[in-house]
Amino acid sequence: MYLNKSIIGMVHVQALPGTPQSKYSLAEICKIAVREAKQYEKAGLDAIIIENMHDVPYLKASVGPEITAAMAVVVRAIRDAVALPLGIQILAGANKEALAVAKAADLQFIRAEGFVFGHVADEGYMDSCASELMRYRKAIGAEKIQVFTDIKKKHSSHAITSDVDIAETASAAEFFLSDGVIVTGSSTGKAVYLHELKSLKDKIQIPVLIGSGITADNLAEYWDHANAFIIGSHFKEKGFWKNPISADRLRIFMEKVASLKEI
């Protein structure tokens with residue numbers, strides 16, 4: 001998938017069967033997810049990423065077969081409903097499972113946590129996965145599926161790699177065959193530090209994606225410093241990720257995108 005100021009909308013899949021907050025059947029979950037994906041497509045977004053964010057508390061680095069199977073069903077329903085490029089993230093750090101689902105459901109990319117270096121996440125210590133993940137991609141014939149990788153990820157402590165700055169981390173991800181790096185703020189909905197984003201210029205040749213904190217008000221500030229923007233919270237009512245998509249917020253944001261593309 002070619003990234004050129006691409007706007008990627010987040011579909012936060014409702015809590016899946018077997019998780020603590022589950023309340024919908026899988027058919028109902030698919031219906032809600034498909035409705036949101038169609039809203040994004042109609043609004044003119046460039047791609048969609050599907051994530052099991054309601055499955056709190058998250059398992060670390062792997063999930064049960066019921067989660068992998070359910071996500072495959074959900075994303076296949078979305079794949080059949082919209083023509084946009086699609087990606088998937090399975091929390092937390094279930095990157096091989098995400099890649100398997102992407103291969104099975106004909107998706108174009110995944111979002112992977114913990115690709116290079118280790119960090120302490122909400123779920124505990126996460127080690128790097130690049131070597132295992134990229135070999136797995138080769139083994140299942142999924143080389144066409146792009147792997148976009150978080151660096152210095154949100155909701156995490158990076159004290160153990162405090163002597164490795166974000167530019168060095170991005171360079172390591174590129175060296176380990178990442179297809180693009182994702183930069184985030186400190187937590188969901190929090191803006192990226194602009195000086196960190198600017199430090200990546202001329203350091204790497206792969207795309208840079210912003211993975212949190214982008215709004216209609218600050219988009220212009222970040223526009224020239226990234227290849228793509230992943231939007232979740234801002235598109236939701238009151239800017240809160242758990243809420244339904246706000247048609248007004250979506251429209252205003254895409255009007256801003258159109259105005260920036262005209263400049």
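Definitions and limits used
- Residues numbered from 1 in each chain as written.
- Predicted model: local features only at pLDDT ≥ 70, side-chain atom pairs only at ≥ 80, totals over all residues.
- Heavy atoms only, no water.
- Salt bridge = Lys/Arg side-chain N within 4 Å of Asp/Glu carboxyl O.
- Helix = DSSP H or I, 4+ residues; strand = E, 2+ residues; numbered from the N terminus.
- Buried < 20%, exposed > 50% of the residue type's maximum accessible area, 1.4 Å probe, protein only.
- Axes fitted to C-alpha atoms, helices over the stretch in contact; angles between N-to-C directions.
- Parallel < 35°, antiparallel > 145°, perpendicular 65-115°, else oblique.
- Left-handed = near helix turned anticlockwise from the far one by under 90°.
- Contact = heavy atoms within 4.5 Å.
- Nonpolar A, V, L, I, M, F, W, Y, C, P; charged D, E, K, R; others polar.
- Polar contact = N/O pair within 3.5 Å; in protein donor to acceptor, adjacent residues only side chain to side chain.
- Patch = residues over 30% accessible without salt bridge, like charges linked within 9 Å, V, L, I, M, F, W, Y side chains within 5 Å.
- Areas by Shrake-Rupley, 256 points an atom, 1.4 Å probe, with all protein chains shown as cover.
- Pairing = 2+ DSSP bridges.
- Right-handed = clockwise from strand over helix to strand, strands pointing away.

As for the pattern of salt bridges
It is possible for side chains of opposite charge to pair when their charged atoms get near one another.
Thinking step 1. Tallied over the entire structure, the rule returns seven salt bridges.
Thinking step 2. We note a salt bridge from aspartate 80 to arginine 76, for which the minimum N-O separation is 2.8 Å. With a gap of four residues between them, aspartate 80 and arginine 76 both fall in helix H2 (residues 65–81), about one helical turn apart.
Thinking step 3. Lysine 138 is the partner of glutamate 143 in a salt bridge, and the nearest nitrogen-oxygen pair spans 3.3 Å.
Thinking step 4. Since its relative accessible area comes to 39%, glutamate 143 is described here as partly exposed.
Thinking step 5. Assessed through its relative accessible area of 57%, lysine 138 is described here as exposed.
Thinking step 6. In this structure, a network of salt bridges that share partners links the residues Asp248, Arg251 and Glu255.

Examining the packing of H2 against helix H3 (residues 95–105)
Thinking step 1. Closest axis-to-axis distance for the H2/H3 pair is 9 Å, and the angle between their directions is 40 degrees. Here H2 lies oblique to H3, going by the angle between them. Crossing geometry of H2 relative to H3 is assigned as right-handed. Contact residues: Thr68, Met71, Ala72, Val75, Arg76 and Arg79 in H2; Glu97, Val101, Ala104 and Ala105 in H3.
Thinking step 2. Among the residues forming the contact of H2 with H3, the class breakdown is six nonpolar, one polar and three charged.

Remarks on the side chain of glutamine 89
Thinking step 1. Turning to its location among the elements, glutamine 89 is positioned in strand E3 (residues 86–89).
Thinking step 2. Within the local environment of glutamine 89, its side chain forms a polar contact with the side chain of glutamate 113, the two groups lying 3.4 Å apart.
Thinking step 3. Ignoring sequence-local partners within four residues, the contact set of glutamine 89 consists of Ile49, Ile50, Glu51, Asn52, Met71, Arg111, Glu113 and Asp150.

Section: a nonpolar patch on the surface
Thinking step 1. A cluster of nonpolar residues, Val120, Tyr125 and Ile160, forms a patch on the protein surface that exposes about 270 Å² of accessible area.
Thinking step 2. Relative to the assigned elements, tyrosine 125 resides in strand E6 (residues 124–126).
Thinking step 3. Relative accessible area serves as the criterion here: at 42%, tyrosine 125 is assigned to the partly exposed category.

Focus on the pairing of E3
Thinking step 1. Where burial is concerned, the two faces of E3 agree: the one with Leu86 and Ile88 and the one with Gly87 and Gln89 are both buried.
Thinking step 2. Inspection of the sheet shows strand E2 (residues 47–51) paired to E3 by four bridges, in the parallel sense. Bridge pairing in E3 places glutamate 51 opposite glutamine 89.
Thinking step 3. Viewed along the sheet, the connection from E2 through H2 into E3 turns out right-handed.
Thinking step 4. Relative to strand E4 (residues 109–112), E3 runs parallel, the two sharing two bridges. By the bridge assignment, isoleucine 88 is partnered in E4 with isoleucine 110.
Thinking step 5. Read as a crossover between parallel neighbours, the route from E3 over H3 to E4 is right-handed.

Considerations on unusual backbone geometry
Thinking step 1. Residue proline 57 is bonded to the preceding valine 56 through a cis peptide linkage, with omega at -10 degrees.
Thinking step 2. In this structure, proline 57 sits in the loop between E2 and H2.
Thinking step 3. In the segment running from leucine 91 into alanine 92, the intervening peptide bond is cis, with an omega of -5 degrees.
Thinking step 4. With respect to the helices and strands, the residue alanine 92 is situated in the loop between E3 and H3.

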